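# Structure assessment
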Amino acid sequence: MRKPSRLLLEILLLVLAVIFLSPIYMMVVNSFKNRAELYENALAFPTSFSFQFYKEAMQKMNFFTAIGNSLYVTIASVLIIIVLASMTAWMLVRSDNKLSKIIFMTLVATMLIPFQTLMMPLMQVMDWIRTNLHLPMLNTHEGLIYMNVGFASGMAVFLYHGFIKSIPIDLEEAATIDGCGKFGVFWRIVFPMLKNITITVAILNVIALWNDYLLPSLTLADKGLRTIPLSTFYFFGEFTIVWNQAMAGLTLTIIPVVIFYMLAQKYIIKGVASGAVK
């Protein structure tokens, strides 16, 4: 027989799960309804399940182009973040001097700065670089990737830093004695041991970058360059909102990241616990 306290805890968790999942339920259910059904009862099941609104949403948001743009920006940004942050954290841990500590604390401090306080000066700086240095920092995917890497590096270095501290330096010294250079020591010895935290960093950044709306909206102007979150803007007009198409578009938007999260979720707790606590 279950203890009363355990039963109450399970009921509380069930209630919280229902609360947190209710927006997803409403989004999916209303993506199959016509306007009359939607305004009649937003919580009820549709009378029929038709993918008509999904087809209309895909055409309206130019789905395949948008998802291709999102995949390119997200994958490129995450790969660069993983490579640069892991190497940076390793060097900071192994240097262990005042300068490395200052650099590490500076990177950690960047996590505390809200993006909203930087977005206008950032756009001005990027426009100056484009005008004077002729580097395409605005209205290009590459410029967006560059900014994504800069904003995400602080947290990634912080996670890697804590994890690398737990790796015995004797392994690296043995590899060095065997004739392995700095890059060889890192890529052959250290980086394979960072699997759990690397997957954690990848998951956190994929979710954040895939769903990011504000920075791409400031950076990308051409319709052909828009990512998935930007493409959902087509459903929200100045005077009308096509809710069923919007719900269908939003459902399509979250499917790839949900699949990715389900495939890699077992590494999140393990990676964060071993990286941030040690």
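Reading the values: the criteria
Residues numbered from 1 in each chain as written. Predicted model: local features only at pLDDT ≥ 70, side-chain atom pairs only at ≥ 80, totals over all residues. Heavy atoms only, no water. 1 Å grid on protein atoms, 1.4 Å probe; cavity = no way out; pocket = protein on both sides within 12 Å on 5 of 7 lines; lining within 4 Å. Points joined across faces, edges and corners; volume = space filled by probe spheres on them. Helix = DSSP H or I, 4+ residues; strand = E, 2+ residues; numbered from the N terminus. Nonpolar A, V, L, I, M, F, W, Y, C, P; charged D, E, K, R; others polar.

On to the layout of surface pockets. Empty space within the largest pocket amounts to approximately 400 Å³. The wall of the largest pocket is formed by 18 residues, among which Phe-115, Asn-148, Phe-151, Ala-152 and Ala-208 lie closest to the centre. Breaking the lining of the largest pocket down by element, the ones donating at least two residues are helix H7 (141-164), helix H10 (195-210) and helix H11 (214-219). Considering each element in turn, the lining of the largest pocket owes the most residues, five residues, to H7. Of the residues in the lining of the largest pocket, the class split is 13 nonpolar, four polar and one charged. Put simply, the second largest pocket is a space of about 160 Å³.

A probe as big as a water molecule, rolled over the atoms, marks out the empty space that is left. Applying the stated rule across the entire model yields one cavity of 30 Å³ or more. Here the largest cavity defines a volume of roughly 70 Å³. Lining of the largest cavity is provided by Ser-70, Val-73, Thr-74, Leu-144, Asn-148, Leu-209, Trp-210, Asp-212, Pro-216, Thr-227 and Pro-229. Breaking the lining of the largest cavity down by element, the ones donating at least two residues are helix H4 (63-95), H7 and H10. Across the lining of the largest cavity, the residue classes tally to six nonpolar, four polar and one charged.

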